[in-house]
2 protein chains.
Amino acid sequence: MLRSNAMATGQTNSAADVLIALAPGPGALRHRLEAALLEDIASGRLAPGTALPPSRTLADALGISRWVVTEAYGHLVGKGILDARTGSATRVAAPVPDGAAGSRADAGPGRPGRRAGGGPTAQGSRSPSGTLPTPGEGLLPGTRPPSGTSLEHAPDRATHDLAPGVPDLRHVPREAWLRAARDALAEATNQDLGAQPPAGHPAARAAVATHLRRARMVSGPDDAVVLTRGAADGMSRIAAALSDAGHTHLLVEDPSWAALRDVARAAGLTPVPVPVDDDGISTERLRTEAARTGARAVLLTPAHQFPLGAVLSDDRRAELLAWAREVDGLVIEDDYDADFRYDRRPVPALQGLDPDRVLLLGSTSKTLSPAFGIGWMVVPQRWRAAVLDVSVRRGPTPGPATLDQLTLARFVADGAYARHLRAARTRYARRRAALLAALDRELPGARVGGIAAGMHVTVDLAGTDLPGGESGGVGRPDVDAAAVVREGAARDVALVDLRRYQAAPSARSTVLVVGYGNLADARLEEALRSLRAAVDAATR
Amino acid sequence: MLRSNAMATGQTNSAADVLIALAPGPGALRHRLEAALLEDIASGRLAPGTALPPSRTLADALGISRWVVTEAYGHLVGKGILDARTGSATRVAAPVPDGAAGSRADAGPGRPGRRAGGGPTAQGSRSPSGTLPTPGEGLLPGTRPPSGTSLEHAPDRATHDLAPGVPDLRHVPREAWLRAARDALAEATNQDLGAQPPAGHPAARAAVATHLRRARMVSGPDDAVVLTRGAADGMSRIAAALSDAGHTHLLVEDPSWAALRDVARAAGLTPVPVPVDDDGISTERLRTEAARTGARAVLLTPAHQFPLGAVLSDDRRAELLAWAREVDGLVIEDDYDADFRYDRRPVPALQGLDPDRVLLLGSTSKTLSPAFGIGWMVVPQRWRAAVLDVSVRRGPTPGPATLDQLTLARFVADGAYARHLRAARTRYARRRAALLAALDRELPGARVGGIAAGMHVTVDLAGTDLPGGESGGVGRPDVDAAAVVREGAARDVALVDLRRYQAAPSARSTVLVVGYGNLADARLEEALRSLRAAVDAATR
């Protein structure tokens, strides 16, 4: 059976080698990939039942988009050549009995939930990973998703999800949200169900504004709030507005979340990395880089730097805002996980210090679930027209569905959102404590950072004792986080190397970014043992 | 009291004249507008209780964005200077009793529904009007929306909504949708609530594909379906993909829906108008214009040309597809109201004739309500990667919320969508019959077109008898539809001039586009009497 680590370690006689060899040929990549798979299957090198590598692994190995792989897989599943039984890897299909092919084609539209385990991979999430987190478990074996598209979500599960950026999917407030939806639907006027302003339904904007004033000390009128489909949507709009206004560069933290950088780049802004230390972004280096490039806008995570975890110090806050005023600039505050803060008192939003200079991005993707598709931006007065202009260019209804907006308004106004945040905070705090204890036990000597808030920590493996406590204080200075990630994948543990978030990835890193948002409490110990095994395997 | 027609007819001594005079001054337009209003209020020219013109009317008169007006109004409402009592025009506020100001500020986040009558205007809808339909009624007087943003939705109501593009907001299937949402939420796996592929949840794509195959004879695999937030969202994505692929022009029907043209233009495609006749778009002229401009893509409404109502003939369909194959082009089919067809047998989607050349755009905005924010595109295989690439550039989750996708999947799979379409079809057919009878009675001689399908008709007033049947067969050849629209606005009837949809509006038109989707059955007679009064006033 092919294992994902076979891809990375370059073992011979694996499907990975066969496919990699095809890369330089002509034709669309997907078709070449399909042809390669078909050839290998026809030749018998890939026998019926053989598991293919997860799409992410294969995509990484080939240096291509994961979509090419999932589309190729999906197409071959649609033809019955591959088999996408959920809860398991994609495999070369066994010969299909005559009757079975028809029943597969007739599987029909698929009940969302009964398709147990047919949950898609996290492809395309606004994950801090910038790529593709893979929360995974709870799969019922033996059920089969509808044909054709199944491969988009069948593989790439990890038993233990230690990737950052995914909230606790076991505790999505389904009932409370449904109640809010019911009330919103019952009470909405006919007009509420008609078309709405592009910035969002006024009642929903007012509700979000009220919440942000109370919970994040955000300042501004209700109409400063623009509803979005999430932080990346907001980033996409302000980046386009900046670009329209003549901006060519965007200062970003290094390391930082790749997805927002990518969105800014797609809108025409060149990201300019600025280093981060224990006080957050370096305002000194920010000034240097701004002067060098002419950049007058910066994207940062003041409350809990992603991924390193620093809080932007008071001095730096003042310096940053002074700079923004000097250059007539804009500060974009990604307030991605500030609701979850454990040890210290809450860190108010930077926005409250200067509503004219700070645009805040927020969403429910990290607090409720990405499935709600709703977020917000708080826009300084001077940028509102530009943001609106960009928004309507993409169609007259750029934001989330009105029904969802009204549901959110109810959910917030009834206190359900605050209750959920409190419960989640307690849950994450407890899990964090268990994680820190387990890390201390399994990886003694590892330096753990960024623990004050959020749903992830950094784990520097360099000082970790060798197995059996053999390090003698030397630790494992040569440990390679990338190798640990690969060994983790082989053990069904999703891990992320810090390098993923670096503007120019260093040759090697000893740091993992370990998320615990979607880690099952009951399996935390097991996950950490697997992590330790991966570390040991990578340094053996 | 200021009336909206005062704006258009240029009466002196009205707020309109005062405000128009201010246009060339310095400063941001909104601030100048606020200053002008404040000055007029301070001087007593605008006395307490005076009604201001609806924001659209004022914006049109000043040649500025309606947003500038609504923002200025909203700001002054926030200050208590204007009063936005719903169900009525925005007025200069009466002096506020001491206690009242506080209670207004404390109004809080506003319950979506109990804010009865606080429904926003249709600003930003994907209306065929390309601007702002104004469905309106059912307002409870005396309630007050939250301050600040209220002006975005308070004015601009019409008692009778004869604008096209708005479905029957009185019959949104609230209960059935909520049931589907409940089932979807109950059955979704944790994974379903995690991040999803940018093209949409596979189960929802499969459900939509099944529906389209059955209802629209669409051809293609499930993964040809990409879920969008509506037709304009889909148009925005394919337009950007076309632009990326080197397309510079897009052939469009003339007249046609402005919103989709605008979205295409914003994505970098220059719309190239092609005339329409009783067989739909002229394929002869299409070839000429394509050759002249190099355009290889066309956007059209084959099932029910918007707004003229023709069905694209079989010959034209064949010619169009032959052209598309010759030039390696793309046909974009806006299937906006094909579900509602009354007299003849259903017109299948053009897409089914050549799934490699036709991209279909559809949505629930015209079948359910714009509040659902969900639509789809069926993408030819060769365009899928490009559409996906454009999509993810705007953020990793470009489509509708996953919960809404799962709800739609349930709604479709359970047959609720088909039931709703059947009921709506019956309702619209009955209303259409009543409308045609009333038109015949109130405006005898008017030529009514496009009646076979959809939720609107065209009404050519040129042949209409003069009041009292005085025309003697001459009719009213000089009637100006724009004047009728203005007179309609003065009578609280929302009307639309055909010129709104023309690429280069003619100097004058005698044709109205009359929507009946959101026209209250019980008030249809009254609406048509008001329409006749407007026509009479405009030709007096």
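Shown above is the structure to which this text applies.
Residues numbered from 1 in each chain as written. Chains lettered and ligands numbered in written order. Predicted model: local features only at pLDDT ≥ 70, side-chain atom pairs only at ≥ 80, totals over all residues. Heavy atoms only, no water.

### Section: the overall build of chain A
Selection criterion: Put simply, DSSP marks the helices as runs of H or I at least four residues long and the strands as runs of E at least two long, and each gets a number from the N terminus on. To sort residues, take the accessible area from a 1.4 Å probe on protein chains only and compare it with the maximum for the residue type: under 20% means buried, over 50% means exposed, and anything in between is partly exposed. Here, two residues are considered to be in contact whenever any of their heavy atoms come within 4.5 Å of each other. Note on areas: Shrake-Rupley, 1.4 Å probe, and residue coverage restricted to the protein chains presented here.
Each helix and strand in chain A was counted, giving 17 helices and 16 strands. Burial status across chain A gives 63% buried among its 540 residues. Excluding contacts between residues fewer than 6 apart, the proportion of contacts in chain A whose partners are at least 24 apart in sequence is 73%. As displayed, chain A has an accessible area near 18,500 Å², and 51% of this comes from carbon and sulfur atoms.

### Quick notes on the nonpolar core
Counted only if it meets this: As used here, the term nonpolar core means buried Ala, Val, Leu, Ile, Met, Phe, Trp, Tyr and Cys residues forming a set that is joined through side-chain atoms within 4.5 Å.
Residues W376, V484 and L531 of chain A together with W376, V484 and L531 of chain B are the most contacted members of the largest nonpolar core, which totals 134 residues. When sequence neighbours within four positions are dropped, the list of residues in contact with V484 of chain A reads L461, V479, L495, L512, L531, A534, V535 and A538 of chain A.

### Regarding the side chain of Q305 of chain A
Looking at the element boundaries, Q305 of chain A is found in the loop between β8 (297-300) and α12 (314-326). Sequence-distant contacts of Q305 of chain A, that is, excluding residues within four places in its chain, are made with E253, P255, V276, A310 and Y336 of chain A.

### What about the packing of helix α15 (residues 416-442) of chain A against helix α17 (residues 524-539) of chain A?
Residue and element names in this part refer to chain A. Our working definition: Throughout, an axis means a line fitted to C-alpha atoms (over the contacting stretch in the case of helices), and angles, computed between N-to-C directions, take values from 0 to 180 degrees. Put simply, a crossing is left-handed when the front helix is turned counterclockwise from the back one by less than a right angle, and right-handed when it is turned clockwise. Residues are grouped as follows: Ala, Val, Leu, Ile, Met, Phe, Trp, Tyr, Cys and Pro are nonpolar; Asp, Glu, Lys and Arg are charged; every other residue, Gly included, is polar.
Taken N-terminus to C-terminus, the directions of α15 and α17 make an angle of 35°; their axes are 10 Å apart at the nearest point. Between α15 and α17 lies a crossing of right-handed hand. Two secondary-structure elements touch here, α15 through R431, A434, L435, A438, L439, R441 and E442 and α17 through L524, E525, L528, R529, L531 and R532. Partitioning the contact of α15 with α17 into residue classes produces seven nonpolar, no polar and six charged.

### Quick look at the sheet that holds strand β5 (residues 249-254) of chain A
Sheets are built from strands paired through backbone hydrogen bonds, the pairs being either parallel or antiparallel. Residues and elements named next belong to chain A. Short version of the rule: Here, any two strands with at least 2 DSSP bridges between them count as paired.
Strand order in the open sheet made by the eight strands is β4-β11-β10-β9-β8-β5-β6-β7, with mixed pairing throughout. The two strands at the open ends of the sheet, each matched to only one other strand, are β4 (225-228) and β7 (280-281). With four bridges joining them, β8 and strand β9 (residues 330-334) adopt parallel strand pairing. Bridge assignment links L300 to a residue of β9, and that residue is E333. The strands touched by helix α9 (residues 231-244) are β4, β5, β8, β9, β10 (358-363) and β11 (375-378); relative to β10, the strand with the most contacts, the crossing angle is about 150°.

### So, the packing of aromatic side chains
What counts is decided by this rule: The criterion for an aromatic pair is that two Phe, Tyr or Trp rings (for Trp, the six-membered ring) have centres within 6.5 Å, with stacked assigned to planes under 30 degrees apart, edge-to-face to planes over 60 apart and tilted to the rest.
In the structure shown here, the tally under the stated rule is 16 aromatic pairs over all chains. Considering the side-chain rings of W257 of chain A and F306 of chain A, the 5.1 Å spacing of their centres and the 40° angle between planes classify their relative orientation as tilted. Of the two residues, W257 of chain A is situated in the loop between β5 and α10 (258-266) and F306 of chain A in the loop between β8 and α12; the sequence distance between them amounts to 49 residues. The same class applies to W257 of chain A and to F306 of chain A, which are both buried. Each ring, one from W257 of chain B and one from Y336 of chain B, has its centre 5.0 Å from the other, and the planes form 85°; the classification is edge-to-face. Remark: Y336 of chain B occurs in the loop between β9 (330-334) and β10 (358-363) and W257 of chain B occurs in the loop between β5 (249-254) and α10 (258-266); sequence separation between them is 79 residues. On the basis of relative accessible area, W257 of chain B is assigned to the buried category, the value being 3%.

### A short note on the environment of L436 of chain A
All names here are of chain A. When you line up the elements, L436 lands in helix α15. Through-space distance from the C-alpha of L436 to that of V448 is 7.9 Å; in sequence the pair is 12 residues apart. Excluding residues that lie within four positions of it along the chain, L436 makes contacts with V448 and I451.

### Brief notes about the pairing of β10 of chain A
Residues and elements named next belong to chain A. The element β10 is largely enclosed, with a buried count of six among its six residues. In β10, alternate side chains face the same way, and those of V358, L360 and G362 on one face and L359, L361 and S363 on the other are all buried. Summarising the sheet, β9 and β10 pair through four bridges and their orientation is parallel. Paired with E333 across the two strands is L360, which belongs to β10. Two strands pair when backbone bridges link them, and β10 and β11 are joined in this way by four bridges, in the antiparallel orientation. By the bridge assignment for β11, G362 is matched with W376.

### Side note on the pattern of salt bridges
Rules: Within this document, salt bridges are pairs made up of a side-chain nitrogen of Lys or Arg and a carboxyl oxygen of Asp or Glu, the two lying within 4 Å of each other.
All told, the structure shown has 52 salt bridges over all chains when counted by the stated rule. Ionic pairing is found between R292 of chain A and E289 of chain A, a salt bridge with its closest N-O pair at 2.7 Å. One end of the pair is R292 of chain A and the other is E289 of chain A, both in helix α11 (residues 283-293) and three residues apart, which spans about a single turn. Looking at R292 of chain A, the relative accessible area reads 60%, which means it is exposed. For D183 of chain B, the salt bridge identified is with R410 of chain B, shortest N-O distance 4.0 Å. With a gap of 227 residues between them, D183 of chain B in helix α7 (residues 174-187) and R410 of chain B in helix α14 (residues 402-413) connect regions that are remote in the sequence.

### Regarding the sheet that holds strand β16 (residues 511-515) of chain B
Residue and element names in this part refer to chain B. Taken together, the four strands give an open sheet; going across it, the order is β12-β13-β16-β15, and neighbouring strands pair in antiparallel fashion. The outermost strands of the open sheet, each flanked by one partner alone, are β12 (447-449) and β15 (496-497). Here two bridges tie β15 to β16, and the two strands are oriented antiparallel to one another. Counted as the bridge partner of V496 is V513 from β16. The strands touched by helix α15 (residues 416-442) within the sheet are β12, β13 (456-460) and β16, with β13 carrying the most contacts at an inclination of about 10°.

### A word on helix α12 (residues 314-326) of chain B
Residue and element names in this part refer to chain B. Basically, it comes down to this: To estimate the expected span of a helix, count its residues, drop one, and scale the result by 1.5 Å. The reported arc concerns the directions from the helix axis to the C-beta atoms and nothing else.
With 13 residues, α12 should cover 18 Å at 1.5 Å per step; its first-to-last C-alpha distance of 18 Å lies within 8% of that length. Within α12, the full set of buried residues consists of R316, R317, L320, L321, W323 and A324. Along α12, the residues classed as buried sweep out an arc of 155° about the axis, all on the same side. The exposed residues of α12 that point more than 90 degrees off its buried face are D314, D315 and E326. D328 sits one or two residues past α12 and shows a positive phi near 55°.

### Quick notes on a negative patch on the surface
All names here are of chain A. For the record, the criterion: To count toward a patch, a residue needs a relative accessible area above 30% and no salt bridge. Like charges then connect within 9 Å, nonpolar side chains (Val, Leu, Ile, Met, Phe, Trp, Tyr) within 5 Å. Asp and Glu count as negative and Lys and Arg as positive, but His and the ends of the chain are not part of the count. Charge positions are represented by NZ for Lys, CZ for Arg, CG for Asp and CD for Glu.
A grouping of D278, D279, E284, D314, D315 and E319 is seen on the molecular surface, where their side chains present a negatively charged patch. It is α12 that contributes the most residues to the negative patch, three residues altogether. Structurally, the position occupied by D314 is in helix α12.

### Considering the environment of R325 of chain B
Residue and element names in this part refer to chain B. Mapped onto the elements of the fold, R325 is located in helix α12. Taking the relative accessible area as the measure of exposure, R325 reaches 45% and is therefore partly exposed. For R325 and R296, which are 29 residues apart along the polypeptide, the C-alpha to C-alpha distance reads 9.8 Å. Among residues more than four places away in sequence, those in contact with R325 are D354 and R357.

### Notes on the packing of helix α9 (residues 231-244) of chain B against α10 of chain B
Residue and element names in this part refer to chain B. Where we set the bar: Note that the term roughly parallel is reserved for angles under 35 degrees, roughly antiparallel for angles over 145, roughly perpendicular for angles of 65 to 115, and oblique for everything else.
One can describe the packing of α9 onto α10 by two numbers: an axis separation of 8 Å at closest approach and a directional angle of 30°. By the angle between their directions, the pair α9 and α10 is classed as roughly parallel. Seen from above, α9 lies across α10 with right-handed handedness. Residues A231, A232, M235, S236 and A239 of α9 touch α10, and the partners they reach there are L260, V263 and A264. Considered class by class, the residues forming the contact of α9 with α10 number seven nonpolar, one polar and no charged.

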